[in-house]
Amino acid sequence: MRRRLEQTEEMWGGFWVIELCHIKKNFGKQKVLKDVSLKIDEGDVVVVLGPSGSGKTTLLRCIDFLERADDGELLMDGERIRLHNAGRKTVQSVRKKVAFVFQNYGLFQNKTALQNITEGLIVGRKVAKDAAIRKGEELLEWVGLLDKKDLYPSQLSGGQQQRIGIARAVALDPEIILFDEPTSALDPELVGDVLALIHKVAKRGISMVVVTHEMAFAQEAANRVVFMDEGVIVEQGTPDEIFLHPKQERTRQFLERVQPVSKDMYYI
């Protein structure tokens, strides 16, 4: 897959990897996702913005069946999947194509950095142990942590743990990676390193959906920005369209309240 680095006037015209159709999710009487449809094309870097409680994280979790949607469909590889009643084999099939990077890292605390990367390859993908170790070490070097391969998560900083989590996701060769606020648990001085690494992942051509509050990253790395509020997509477009020429008043209000940060630290 090749990422379309240049913004074009003809948007979203490539081969789509995944399409969400009319996703709905309630928690009790609270309607968290009201009717969300979204298409992610091959090589897309889609950044999802919005205030807390807008449904961003729930949307990601429904894609990977970490939450079970109440209604809606997922279209993937020519298959139409009803999210509310998909069976175990269907869920496993989707998860083989989708990787998830959690905001709280989600690492196995009783496994080393290297083992956290190789576990999914050996157990989930049935890769030979030697091959899994080679791939794990290559990715640790890629994220700049090969010298930490035998350390446990408790011995690593938050930024290092998140870089391990990203390496683990890339190791699975997914069709799409979902990032749920990957910098929200980090000290401010560590945010730039992790965002730069996500930018490197984008250059590998892997489709991504990134929920984040980092406006500069959204402007620099995304080819499409989605703004959500109150369980719906308010509008979407290129970074220039959303940040410079938003069409909806709610989008303008949100952006006016967001304090921008320098883009310089995200370059690699």
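Structural data are supplied above this passage.
Residues numbered from 1 in each chain as written. Predicted model: local features only at pLDDT ≥ 70, side-chain atom pairs only at ≥ 80, totals over all residues. Heavy atoms only, no water.

Thoughts on helix α9 (residues 249-257)
Stage number 1. Taken together, the buried positions of α9 are Thr251, Phe254 and Leu255. Viewed end-on, α9 has its buried residues packed into an arc of 95°, placing them on one side of the element. Across α9 from its buried face, at more than 90 degrees, point the exposed residues Glu256 and Arg257. (Buried < 20%, exposed > 50% of the residue type's maximum accessible area, 1.4 Å probe, protein only. Helix = DSSP H or I, 4+ residues; strand = E, 2+ residues; numbered from the N terminus. Arc of directions from axis to C-beta.)

Quick word on the sheet that holds strand β8 (residues 207-211)
Stage number 1. Read across the sheet, six strands follow the order β6-β7-β8-β3-β9-β10 without closing on themselves; strand pairing throughout is mixed. Here the strands that pair on one side only, and so sit at the sheet edges, are β6 (98-101) and β10 (232-237). Sheet twist, expressed as the average angle between the axes of neighbouring strands with direction ignored, equals 20°.
Stage number 2. Relative to strand β9 (residues 224-229), strand β3 (residues 45-49) is paired through four bridges, and the arrangement is parallel. Paired with Val47 across the bridge in β9 is Val225.
Stage number 3. Sheet contacts for helix α1 (residues 56-63): β3, β6, β7 (176-180), β8 and β9; angle to β7, the most-contacted strand, approximately 145°.
Stage number 4. In this fold helix α5 (residues 158-171) packs onto β6 and β7, with an angle of close to 180° to the strand it touches most, β6. (Pairing = 2+ DSSP bridges. Axes fitted to C-alpha atoms, helices over the stretch in contact; angles between N-to-C directions. Contact = heavy atoms within 4.5 Å.)

A few points about the packing of α5 against helix α6 (residues 188-203)
Stage number 1. Taken N-terminus to C-terminus, the directions of α5 and α6 make an angle of 10°; their axes are 9 Å apart at the nearest point. Taken together, α5 and α6 sit at an angle that is classed as roughly parallel. Between α5, through Gly159, Gln162, Arg163, Ile166 and Val170, and α6, the contact on the second element is made entirely by Leu190, Val194, Leu197, Ile198 and Val201.
Stage number 2. Split into classes, the residues belonging to the contact of α5 with α6 amount to seven nonpolar, two polar and one charged. (Parallel < 35°, antiparallel > 145°, perpendicular 65-115°, else oblique. Nonpolar A, V, L, I, M, F, W, Y, C, P; charged D, E, K, R; others polar.)

Focus: the layout of surface pockets
Stage number 1. When its volume is computed, the largest pocket comes out at roughly 580 Å³.
Stage number 2. Taken together, 20 residues form the lining of the largest pocket, with Arg95, Val98, Gly120, Arg168 and Leu172 sitting closest to its centre.
Stage number 3. Looking at the lining of the largest pocket, the elements with two or more residues in it are α2 (88-95), β6, α3 (113-124) and α5.
Stage number 4. The greatest single-element share of the lining of the largest pocket, amounting to five residues, is contributed by α3.
Stage number 5. When the residues that make up the lining of the largest pocket are grouped by side-chain class, the tally is nine nonpolar, five polar and six charged. (1 Å grid on protein atoms, 1.4 Å probe; cavity = no way out; pocket = protein on both sides within 12 Å on 5 of 7 lines; lining within 4 Å. Points joined across faces, edges and corners; volume = space filled by probe spheres on them.)

Things to note about the packing of aromatic side chains
Stage number 1. Tallying each qualifying case throughout the model produces two aromatic pairs.
Stage number 2. Across from the ring centre of Trp142, 4.7 Å away, lies the NZ or CZ of Arg204, which sits over that ring. (Phe/Tyr/Trp six-rings, centres within 6.5 Å; stacked < 30°, edge-to-face > 60°. Lys NZ or Arg CZ within 6 Å of the ring centre and 35° of its normal.)

As for the environment of Leu195
Stage number 1. As for its placement among the helices and strands, Leu195 is situated in helix α6.
Stage number 2. The exposure class assigned to Leu195 is buried, which follows from its relative accessible area of 1%.

Side note on the nonpolar core
Stage number 1. With 48 residues, the main nonpolar core has Leu49, Ile164, Ile166, Ile177, Phe179, Ile198 and Met208 as its most contacted residues.
Stage number 2. Counting residues per element, this core draws most heavily on α6, at seven residues.
Stage number 3. Once residues lying within four places of it in the same chain are set aside, the contact partners of Ile177 are Ala99, Val101, Ala169, Val170, Val201, Ile206, Ser207, Met208 and Val209. (Core = buried A, V, L, I, M, F, W, Y, C linked by side-chain atoms within 4.5 Å.)

Considerations on the packing of helix α4 (residues 129-142) against α5
Stage number 1. Two elements in contact, α4 and α5, have axes separated by 10 Å at closest approach and are oriented at 135°. Comparing the axis directions of α4 and α5 gives the class oblique. Crossing of α4 against α5: the hand is right-handed. Here Lys135, Leu139, Leu140 and Trp142 of α4 come into contact with α5, specifically with Ile164, Ala167, Val170 and Ala171. (Left-handed = near helix turned anticlockwise from the far one by under 90°.)

Concerning unusual backbone geometry
Stage number 1. Positive phi is not limited to glycine here, since Asp173 has a value of about 50°.
Stage number 2. Residue position: Asp173 is located in the loop between α5 and β7.
Stage number 3. Positive phi outside glycine occurs at Glu181, with the angle close to 45°.
Stage number 4. Mapped onto the elements, Glu181 comes out in the loop between β7 and α6.

Examining the pattern of salt bridges
Stage number 1. Scanning the model with the defined rule gives 11 salt bridges in all.
Stage number 2. Measuring nitrogen to oxygen at the nearest pair gives 3.8 Å for the salt bridge that ties Lys111 to Glu119.
Stage number 3. Residue class for Glu119 comes out partly exposed when judged on its relative accessible area of 26%.
Stage number 4. Between Arg252 and Glu249 there is a salt bridge, with its nearest N and O atoms 3.0 Å apart. Remark: Glu249 and Arg252 occur in helix α9; sequence separation between them is three residues, near one turn of the helix. (Salt bridge = Lys/Arg side-chain N within 4 Å of Asp/Glu carboxyl O.)

These values are about where atoms sit, not about what they do.
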